[in-house]
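Fold and geometry: a report
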Amino acid sequence: MAIDFKKKLYILDGAMGTMLQQEGMRSDETTTQFGLAHPEILKKIHSRYADAGADIIYAATFGINRFKMEGIHMPLDEAVSVAMRAAGDAKAEASRQGRDVKVALGLGPLGELLEPMGILTFEDAYEAFADVVKAGAKDADLAVIETMTDLYEVKAAVLAVKEHSHLPVMVSMTFEENGRTFTGVSLEAMALTLEGLGVDAMGINCSLGPVEIFPMAKELRALTDKPLLIKPNAGLPDPATGEYDITCRQFVDKMKDYVDIGIDMIGGCCGTTPEYIKGLVQIAEEIKGKTTDAAASDGRGRAFGRPEPAMRQLKVCSGNTVVSVDHVTVIGERINPTGKKRLKQALLEEDFDYILTQAIQQIDAGAEILDVNVGVPSLDDVRMLPLVVKKLQTITGTPLQIDSSNPQAIEAALRVYNGKAIVNSVSGEASVMDAILPVVKKYGAAVVGLTLDDKGIPETAEERFAIAQRILKKAEGFGIAREDVIIDCLTLTASAQQKEVDETLKAVRMVKERLGLKTALGVSNISFGLPLRPVINRTFLAMAMECGLDLPIINPNDEEMMASIFAFHVLKNRDENAERYIQRYGAVEAMTTEPLHKKDKTTTETTPKTGETHDIVYCIEKGLVAEAAEAVKLLLENHDEMEIVNGFLIPALDKVGQGFEKGSIFLPQMLQAATAAQAGFEIIKTRLAENDRERVALGQVVIATVKGDIHDIGKNIVKVIMENYGYDMIDLGRDVAPEKIVEIVKTKQIRLVGLSALMTTTLKSMEETIRAVKEVSPDCRIMVGGAVLTADYAERIGADYYCKDAMKSVEAAQEVFNEQV
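Residues numbered from 1 in each chain as written. Predicted model: local features only at pLDDT ≥ 70, side-chain atom pairs only at ≥ 80, totals over all residues. Heavy atoms only, no water.

**Focus on the overall build of the protein**
Rule in force here: Helix numbers and strand numbers start at the N terminus; a helix is a DSSP run of H or I with at least 4 residues, a strand a run of E with at least 2. Each radius of gyration is computed over the set of C-alpha atoms, and the globule rule expresses the reference value as 2.2 Å times the number of residues to the power 0.38. Accessibility throughout is a Shrake-Rupley quantity obtained with a 1.4 Å probe, and a residue counts as covered only by protein chains that appear here. For the purpose of charge, His is not counted, nor are the chain termini; Lys and Arg are scored as positive and Asp and Glu as negative. One atom stands in for each charge, and that atom is NZ of Lys, CZ of Arg, CG of Asp or CD of Glu.
Within the protein, the secondary structure is distributed over 32 helices and 23 strands. In terms of C-alpha radius of gyration, the protein reaches 28 Å, essentially the compact-globule figure of 28 Å for 821 residues. Overall, the C-alpha framework of the protein stretches about 80 × 80 × 50 Å when taken along its three principal axes. Of the accessible surface of the protein, which amounts to about 32600 Å², a share of 49% is contributed by carbon and sulfur atoms. Taking the 91 positively charged and 121 negatively charged side chains of the protein as two groups, their mean positions are separated by 4 Å.

**Overview of unusual backbone geometry**
Convention followed: Summary of the burial criterion: residues with accessible area below 20% of their type's maximum are buried, those above 50% are exposed, and those between are partly exposed, where the area comes from a 1.4 Å probe applied to protein chains only.
Residue P116 follows E115 across a cis peptide bond; omega there is 5 degrees. In this fold, P116 is placed in the loop between β3 (102-107) and α5 (122-136). In this structure, S425 follows N424 across a cis peptide bond, with omega equal to 25 degrees. Among the secondary structure elements, S425 is positioned in strand β14 (residues 422-426). Located in the positive-phi region is L490, a residue other than glycine, with phi close to 75 degrees. In this fold, L490 is placed in the loop between β16 (485-488) and α18 (498-515). Relative accessible area serves as the criterion here: at 12%, L490 is assigned to the buried category.

**So, the pattern of salt bridges**
Rules: In what follows, salt bridge is the name for a side-chain nitrogen of Lys or Arg lying within 4 Å of a carboxyl oxygen of Asp or Glu.
Summed over the entire model, instances satisfying the criterion amount to 50 salt bridges. Its salt-bridge partner being K506, residue E462 comes within 2.7 Å of it at the nearest N-O pair. Separated by 44 residues along the polypeptide, E462 in helix α17 (residues 461-477) and K506 in helix α18 bring together distant segments of the chain. The partly exposed category is assigned to E462, whose relative accessible area is 38%. Between E661 and K808 there is a salt bridge, with the nearest N and O atoms lying 3.8 Å from each other. With E661 in helix α26 (residues 641-662) and K808 in helix α32 (residues 806-816), the pair connects residues that are 147 residues apart, well separated along the chain. Relative accessible area serves as the criterion here: at 29%, E661 is assigned to the partly exposed category. The partly exposed category is assigned to K808, whose relative accessible area is 27%. The network of salt bridges with common partners includes E163, E411, R415 and K442.

**A short note on the side chain of K774**
Heads up, the rule is: Whenever a nitrogen or oxygen atom comes within 3.5 Å of another N or O atom, the pair is scored as a polar contact, on the condition that within protein one atom can donate a hydrogen and the other can accept it, and that pairs from neighbouring residues in sequence are kept only if both atoms are in side chains. When checking whether two residues touch, look at their non-hydrogen atoms; a contact exists if any pair is within 4.5 Å.
Considering the arrangement of structural elements, one finds K774 in helix α30 (residues 763-776). A polar atom in the side chain of K774 sits 2.7 Å from the side chain of D800. Sequence-distant contacts of K774, defined by excluding residues within four places in its chain, comprise C780, R781, I782, G798 and D800.

**Points about the sheet that holds β14**
Note the cut-off: Should DSSP find at least two bridges between two strands, the strands are regarded as paired. Every angle, taken between N-to-C directions, lies between 0 and 180 degrees, and every axis is a line fitted to C-alpha atoms, over only the stretch in contact when it is a helix.
Strand order in the closed barrel formed by eight strands is β11-β12-β13-β14-β15-β16-β17-β18, with parallel pairing between adjacent strands. The average undirected angle you get between the axes of adjacent strands in this sheet is 25 degrees. Relative to strand β18 (residues 551-554), strand β11 (residues 331-335) runs parallel, the two being bridged by two bridges. Following the sheet pairing, G332 is matched in β18 by I554. Where helix α16 (residues 430-443) meets the sheet, its contacts fall on β14 and β15 (446-450), and the angle it forms with β14 comes to roughly 170 degrees.

**Some remarks on the packing of aromatic side chains**
To keep it simple, the criterion reads: Each aromatic pair joins two rings of Phe, Tyr and Trp (for Trp, the six-membered one) with centres within 6.5 Å, and gets the label stacked for planes under 30 degrees apart, edge-to-face for over 60, and tilted for any other angle. Placement of a charge over a ring requires the Lys NZ or Arg CZ to be within 6 Å of the ring centre, with the centre-to-atom vector within 35 degrees of the ring normal.
Counted by the stated rule, this structure contains seven aromatic pairs. Centroid distance Y581 to Y585: 5.3 Å. Interplanar angle 55 degrees. Geometry classified as tilted. One end of the pair is Y581 and the other is Y585, both in helix α21 (residues 579-585) and four residues apart, which spans about a single turn. Judged by its relative accessible area of 32%, Y581 falls in the partly exposed class. Given a relative accessible area of 8%, Y585 falls into the buried group. Within the aromatic cluster, the residues linked to one another by ring pairs are F566, Y581 and Y585. When the ring centre of Y10 is taken as reference, the NZ or CZ atom of K8 above it lies at 5.1 Å.

**Some details on the sheet that holds strand β5 (residues 169-173)**
Reading across from one edge, β1-β8-β7-β6-β5-β4-β3-β2 is the order of the eight strands in this open sheet, with parallel pairing throughout. Whereas interior strands pair on both sides, the edge strands pair on one side only; in this sheet they are β1 (10-11) and β2 (56-58). Sheet analysis places strand β7 (residues 228-231) next to strand β8 (residues 265-266), joined by two bridges and oriented parallel. Paired with I230 across the strands is I266, a residue of β8. Those strands touched by helix α7 (residues 187-197) are β5 and β6 (201-205), and its axis lies near 150 degrees from that of β6. The sheet strands contacting helix α8 (residues 210-223) are β6 and β7, and the helix crosses β6 at an angle near 165 degrees.

**Let's talk about empty space enclosed by the protein**
Put simply, the test is: Definitions used throughout: a 1 Å grid over protein atoms alone; a cavity as a set of points that fits a 1.4 Å probe which cannot get out; a pocket as an open set with protein on both sides within 12 Å along at least five of seven lines; a lining residue as one with an atom within 4 Å of a point. Grid points are joined across faces, edges and corners, and a volume is the space filled by probe spheres set on the points. Only Asp, Glu, Lys and Arg are considered charged, only Ala, Val, Leu, Ile, Met, Phe, Trp, Tyr, Cys and Pro nonpolar, and every remaining residue, Gly among them, polar.
Within this structure, the stated rule accounts for six cavities of 30 Å³ or more. By volume, the largest cavity amounts to about 570 Å³. Listing elements by their share of the lining of the largest cavity, those giving two or more residues are α1 (17-22), α2 (31-37), α3 (39-52) and β4 (142-148). Among the elements that make up the lining of the largest cavity, the one with the highest residue count is α2 (four residues). When its residues are assigned to classes, the lining of the largest cavity shows 17 nonpolar, 17 polar and three charged.

**A few points about the nonpolar core**
To keep it simple, the criterion reads: Only buried Ala, Val, Leu, Ile, Met, Phe, Trp, Tyr and Cys residues count toward a nonpolar core, and they belong to the same one when joined by side-chain atoms within 4.5 Å.
Counting 242 residues, the largest nonpolar core has I266, I616, I620 and I721 as the members making the most contacts within it. With residues up to four places along the chain from it excluded, the contact list for I721 reads M670, L671, A674, A806, M807 and V810. Membership of the second largest hydrophobic core comes to 29 residues, among which are V745, A757, I770 and A794.

**Points about the environment of M173**
Position of M173 among the secondary structure elements: in strand β5. It is 27 Å that separates the C-alpha atoms of M173 and T675, two residues lying 502 residues apart in sequence. With sequence-adjacent residues up to four places away left out, M173 is seen in contact with M148, T149, D150, L151, V154, T181, V185, M190, G203, I204 and N205.

**As for helix α15 (residues 407-416)**
Buried within α15 we find A409, I410, A412, A413, L414 and V416. Where α15 begins, the capping side chain belongs to N406, and its oxygen is found 2.9 Å from the backbone nitrogen of Q408.

**What to know about the environment of R342**
Here R342 is to be found in helix α12 (residues 341-349). Accessibility expressed as a relative area gives 33% for R342, which makes it partly exposed. Among the polar contacts listed, one links the side chain of R342 to the side chain of D351, at a separation of 2.8 Å.

**Let's talk about the packing of α16 against α17**
Two quantities define a packed helix pair, namely the angle between the helix axes and the distance between the axes. Using the following cut-off: The labels follow the angle: roughly parallel below 35 degrees, roughly antiparallel above 145, roughly perpendicular from 65 to 115, and oblique for the rest. Crossing handedness: left-handed means the near helix sits turned counterclockwise from the far one by under a right angle, and right-handed means the same turn made clockwise.
It is at 10 Å that the axes of α16 and α17 come closest, and there the two elements cross at 45 degrees. With respect to α17, the axis of α16 lies oblique. Remark: the crossing between α16 and α17 carries right-handed chirality. Seen from α16, the contacting residues are M433, D434 and L437; seen from α17, they are R470, I471, K474 and A475.

**A look at the state of the cysteines**
Here, the word disulfide means a covalent bond between the sulfur atoms of two cysteines. Note the threshold: Our working definition of a disulfide is a cysteine sulfur pair at a distance within 2.5 Å.
One pass over the structure, following the stated rule, counts zero disulfides. With no disulfide partner, C547 has as its closest neighbouring cysteine sulfur the one in C489, 10 Å distant.

**Notes on the pairing of strand β19 (residues 700-705)**
What counts here: Seen with its strands pointing away from the viewer, a crossover is right-handed when the path leading from the first strand over the helix to the second is clockwise.
The element β19 is largely enclosed, with a buried count of five among its six residues. As for the winding sense of the linkage, the β-α-β connection from β19 through helix α28 (residues 713-724) to strand β20 (residues 728-731) is right-handed. Relative to strand β21 (residues 752-756), β19 runs parallel, the two being bridged by five bridges. Directly across from V701, in β21, lies its bridge partner L752.

Structure below.
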């Protein structure tokens with residue numbers, strides 16, 4: 001049942017939790033518990049939003065999933081049905097009054113960290129969302145996946161909706177003021193991934209108010225021509241009065257700006273009420289005269305000011321890294337067992353540490369995309385390819401190229417990939433395109449087309465160009481965007497097919513100039529069987545780049561090849577003032593007869609000599625678990641256990657923390673680094689136990705999610721990081737009553753308590769907990785964190801420290817326990 005979200009300005013509903021509080025919800029109840037116990041109140045609230053003029057109301061299924069059923073005294077299917085029925089009754093009531101109101105099945109965060117940050121698998125997340133979709137889709141007009149911070153979790157939810165219903169699907173994520181989500185997802189990564197997955201609309205909700213979200217909305221509008229939705233908060237509740245600090249008038253006045261930039265749907269999140277929604281309806285009425293006659297005829301008017309889509313550029317991404325192919329972009333070729341005995345062995349033995357090391361070496365050397373091929377004849381690639389993809393995602397955000405000729409293996413890998421990948425490859429053979437291109441379309445990938453068909457590789461450039469045209473036409477027929485088609489005109493060996501070398505280059509130029517497509521080549525094939533292969537490779541690479549090669553598939557550890565690319569960017573005026581070239585090679589002596597790679601520092605950095613100071617830092621920074629453990633074992637030959645902890649492991653974690661603070665690494669990488677450090681700490685712990693000693697804890701810290709709040713992802717991350725620093729963490733869990741925290745503080749004489757809250761409705765509970773703790777232990781320090789908190793608000797409710805992330809929690813603990821920062 002399609003909904004034309006561009007037809008008019010759609011008005012979405014407002015907050016549910018805020019309204020439930022007004023209806024008597026206690027601070028020790030969750031919105032889901034209270035709502036399901038009082039379905040008549042849910043229906044009343046939905047009707048109030050419909051009466052205010054909302055076109056779409058969100059059913060109160062946001063907090064229902066298999067991981068959040070504690071305190072809900074009915075099966076999941078029944079809980080979903082109760083919530084959907086309340087919204088459906090409000091819809092029916094509006095229909096009797098002549099108004100068309102749509103009901104959205106709401107899906108919220110599962111409340112568990114997905115791999116690689118946590119232990120919840122992608123497959124289990126998918127099944128959890130599928131439970132809700134199967135229970136509620138029949139009573140819904142559309143599905144809304146909202147308040148998400150993890151793009152991987154979003155993908156699981158989108159696939160669950162698409163594969164278990166025919167509902168239109170909207171997605172909104174919640175961003176911090178730095179323009180990224182809690183897990184490091186950027187607006188551009190969200191837009192690329194969700195466009196590829198075929199969502200019907202996307203946008204931003206919660207965490208911030210309309211002023212803070214506005215610049216992000218402008219950026220998002222420029223990134224996609226998909227319909228956009230915005231649901232800001234009304235600020236934060238006043239600790240004394242409970243009133244939110246952005247008034248209805250202020251909220252509505254700012255929301256007018258969103259209409260001016262072409263936002264298609266507007267509503268409210270935490271703190272907004274039917275009064276706010278009435279104000280948004282007035283905006284829709286006011287713009288009738290500023291829309292086209294066709295749009296105005298629908299009775300509401302459509303958002304004006306929508307920009308024309310810009311010329312599209314090929315871009316790929318992971319969950320937190322976007323690569324725009326607007327320059328010669330290196331694809332690292334080393335994770336491909338062809339001709340590599342050691343990699344074949346690693347794949348057969350599932351030696352993932354070796355594979356991850358290969359990935360890190362290539363990234364450090366300058367690869368921006370990694371090709372991933374597991375093509376060993378005796379190997380089950382349908383199982384192994386997604387497994388390798390998952391392992392790579394634990395240590396890097398570098399986008400991947402999925403390299404296989406098996407459609408089942410490609411789909412298995414694309415399904416678990418977080419972001420927008422490249423598929424390598426299809427040929428011009430009809431059966432191959434029919435098998436692979438639908439998979440590429442389903443998962444929103446780009447695709448490499450090889451200029452060969454069932455007759456083989458043509459000799460002439462013209463014949464290869466014709467196959468490229470055929471591939472492009474077929475891809476577009478499946479709905480794949482033109483910019484997502486990459487053509488590989490195929491590098492043949494000069495020793496055997498010398499005359500075809502020029503035909504390859506000619507074909508690259510034809511594809512580039514006549515079709516405007518990006519091109520790829522496996523460069524090193526050119527020199528097979530010839531002496532001085534590096535000279536042949538470098539010369540051919542330079543010729544191919546001049547003909548229009550965009551994506552050379554090479555070994556980036558070959559510094560001469562990389563130098564040719566950096567020099568090409570200088571000479572083609574793509575590297576302004578030669579900044580990147582000088583940054584990389586400024587320290588290399590001008591007159592040298594040595595190969596560059598022998599003088600380049602990346603060789604020692606990417607091939608750790610385990611046991612050196614630099615190497616343990618490197619292993620932790622890169623998240624290499626096995627290597628970190630081995631490095632600690634070697635360090636123990638010459639260093640005391642606590643010397644290693646304080647002189648090596650803690651400084652390594654500090655370095656990672658500094659990168660996180662600067663935004664150069666993101667939450668998945670920080671947690672993997674913590675896992676690598678933990679492997680080192682376990683070696684230390686074992687050695688201390690053998691010598692009847694133990695690591696002295698730096699101090700005991702109590703952490704908890706406050707009463708009424710069942711979201712504990714942030715708290716769990718703080719626990720992991722602080723345990724690595726040596727603090728004894730007493731985790732009381734989620735939905736914790738103040739009395740329980742007070743009792744622990746009293747009996748154990750706790751000096752530091754950490755409190756977490758995600759929902760504005762539970763901030764009152766946080767304030768009450770702080771007050772209770774301070775009454776029994778005035779000297780106990782309290783640190784608070786959560787997406788809805790600010791430093792000012794933390795101070796107003798009596799907290800000693802506002803910790804916007806896990807590293808700030810470490811800094812607070814260091815201050816409390818007199819540690820050196």
